[in-house]
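Residues per chain, in single letters:
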Amino acid sequence: MKSAGNLWYQRYHKQIALFSLSACVCAVYLFSLCPTVYLIDSGELAGVSWTLGIAHPTGYPLYTLISYFFAHLPGEPIKNLNILSAVFSLIALIFLYLSIIKITNNKVIAVLIASLYAFSPTIWRVSITNEVYPLTGLFCILLLYLLFTLRDIKGYYFLMFLMGLSFTNHFSIFSLALPIFFYLLIAFRPSLKQIIIGIGFSLVGISLYLYLLFRTQGGAELAWGNTCNLQRLFWHLSGRQYQVWMFSLTLEEIFANLKEGVGFLLRDYLYIFIFFPIAGFYFLFKNIPRLFWLFFIAFLLNLLYTINYAIPDIEPYYIPGLVALLITSSYGLKNFQRFLKSFLTIPIVIFLIVLNYRDCSLRNNYFGLDYAHSHIAQLPLNSLLICSYWDIYSPTIYLRKVRGLYKDLIIIDKELLRRTWYLDYLKREYPEFYQRVEPDINEYLTELYKFEYGIPYNPYTIQEKYIKMIEGFVSVKESVGVFFALPFPDRDLNQVKPDYYRIPYGLNYFITRDTVKIAFDFSKISIRMPSLINDRRLGYDFGMVKNMVNNNIIYLNTIKNFPAAEQARLWLKRFTQQ
């Protein structure tokens, strides 16, 4: 006779497995969580979340609204936002597990597939810092879960609404949403009236993008794109400023991206598990061809989109394709479930964690914050810093907008000066400074508007006015102090005041018309190096710090300030040996 405990376990063993896996994922994510601002878009997104602003295209209104409330919870705002990413991925894990149970009725397969999702480098890395991609992963899985559990017309309408809403986070979900829509037409067979009503529900979801329009008109502090009318709203949603990198690549570049993308997916499957989706596609083709085409087209669309887009942080764009492969894998594993025993799940989960931890963890990684601090901490009051690198500028948005620091500095991103909205932002952010350089800005804006609105323009004239405007910035602030953050050569800033000296000063260059002998006090800055350099971008930034400090050493030796040169050398030695 079975004990009450055994009967209870047999009844709830699937729920126990889900709870145990969720607790494990939660613990691992929190342990490896980035404690502060990270690189690339982290600082900008945090500033947008805190101020209820508008982020870079496509604006991410749903993420912004949700993250606004998390940012204002007790505690450090950026850490709250990093935790929010973990929460999104944890909820996605739960619905993925439930979807696999629905398909296979096998907890071992469900645990295995959910673990491959949660502990894949593609998902793990974006789940421990503030990013929009974990919400995209949640939507991908939630749409499929609702598809598998669809029973009536109300469920169909709700699914159509969520499909529309999912586009307000990240457009990459189109590669999964469109096949789901056509699958619904074939499998659920709604009437023409129901199709029209369903599309209406999707439009209600998509209408959240009107937030960008209303928030801009309402005076958002950070209003990327100045989406003040329908034309500019469309430009923002279509990623107009990024289209130069989309579907314009050479065949060689496309094949290079394809090789990289396949490498991401093989790595997420630990190479040996790539057999699972192959078996799944074979099973579906033979037995459920509609689902075969759903997942195959979703994967193919996602792959074609990503390999034709040339940006460095492309990996999370593969999330819809990864989800499609994982669901497909569950069908392949159904044929082998007799070989899958419960005792195998624990070592597999541990293996995934141990194997991918070094590639994913951002525990005690303060580099993004320290990197920005080190560029601005010793600048004179009211001085000007012009940045040519997003990893320097983005964290300063968090420092200024969220932490309220460095309000006495003028910090400008050189590349954003190519957008009219950013000049509007500078006018609000630095009114006195803007007023002093307004004549030069207006001359430049006259030409920039032509470029932005598709009016015939002369590129040489735009560049000439662009350089003249930046030179105006320098002239207005040179009595106080002007600095360029130039971690790599920059053609534009080299044209600005070419007769002025560029003197290494910490991680910046001091711009001056006269020869001066200055020395940066390296003892007053600290960049805490993480124990793991597991990101190409991080390694690149690490190398640029070393290059700039070496430039300081060369300059200090040239002016025979040997004590300062030795101090810089010792700082660099400590930095590289951390």
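The structure under discussion appears in the preceding block.
Values in this document were obtained by computation on a predicted structure and should not be read as measured data.

S.K.: Hey, could you go over the pattern of salt bridges for me, with residue numbers and the actual values?
M.R.: Scanning the model with the defined rule gives 23 salt bridges in all. One salt bridge in this structure joins Asp-535 and Arg-125, with 3.0 Å as the shortest N-O distance. In this pair, Asp-535 sits in the loop between β5 (508-512) and α24 (536-558) while Arg-125 sits in helix α6 (residues 121-126), placing the two residues 410 residues apart along the sequence. Put simply, Arg-569 and Glu-566 hold a salt bridge, and the shortest N to O gap is 2.6 Å. Of the two residues, Arg-569 and Glu-566 are both situated in helix α25 (residues 562-576); the distance of three residues between them amounts to about one turn of the helix. On the accessibility criterion, Arg-569 (38% relative accessible area) is partly exposed.

S.K.: Can you explain unusual backbone geometry? Please cite residues and give values.
M.R.: Put simply, Pro-57 and Thr-58 share a cis peptide bond, and its omega is 15 degrees. Mapped onto the elements of the fold, Thr-58 is located in the loop between α2 (42-51) and α3 (61-71). One non-glycine residue, Asn-226, adopts positive backbone phi at about 45 degrees. When you line up the elements, Asn-226 lands in the loop between α11 (210-217) and α12 (230-237). Positive phi is not limited to glycine here, since Lys-560 has a value of about 65 degrees. Topologically, Lys-560 is positioned in the loop between α24 and α25. The class for Lys-560 is exposed, based on a relative accessible area of 60%.

S.K.: Tell me about the sheet that holds strand β4 (residues 501-505), residues and numbers included.
M.R.: The strand order across the open sheet formed by five strands is β2-β1-β3-β5-β4, and the pairing between neighbours is mixed. Pairing within the sheet leaves two strands with one partner each, and these edge strands are β2 (410-413) and β4. On average, each strand axis in the sheet is inclined to that of its neighbour by 25 degrees, with strand direction left out of account. The pairing of β4 with β5 spans five bridges and is antiparallel. Across the sheet, Arg-502 pairs through a bridge with Ile-511, a residue of β5. Packed on one face of the sheet, helix α19 (residues 390-401) meets β1 (384-387), β2 and β3 (482-485) and runs near 135 degrees to β2. Those strands touched by helix α22 (residues 459-477) are β1, β2, β3 and β5, and its axis lies near 155 degrees from that of β1.

Parameters at a glance
Residues numbered from 1 in each chain as written. Predicted model: local features only at pLDDT ≥ 70, side-chain atom pairs only at ≥ 80, totals over all residues. Heavy atoms only, no water. Salt bridge = Lys/Arg side-chain N within 4 Å of Asp/Glu carboxyl O. Helix = DSSP H or I, 4+ residues; strand = E, 2+ residues; numbered from the N terminus. Buried < 20%, exposed > 50% of the residue type's maximum accessible area, 1.4 Å probe, protein only. Pairing = 2+ DSSP bridges. Axes fitted to C-alpha atoms, helices over the stretch in contact; angles between N-to-C directions. Contact = heavy atoms within 4.5 Å.

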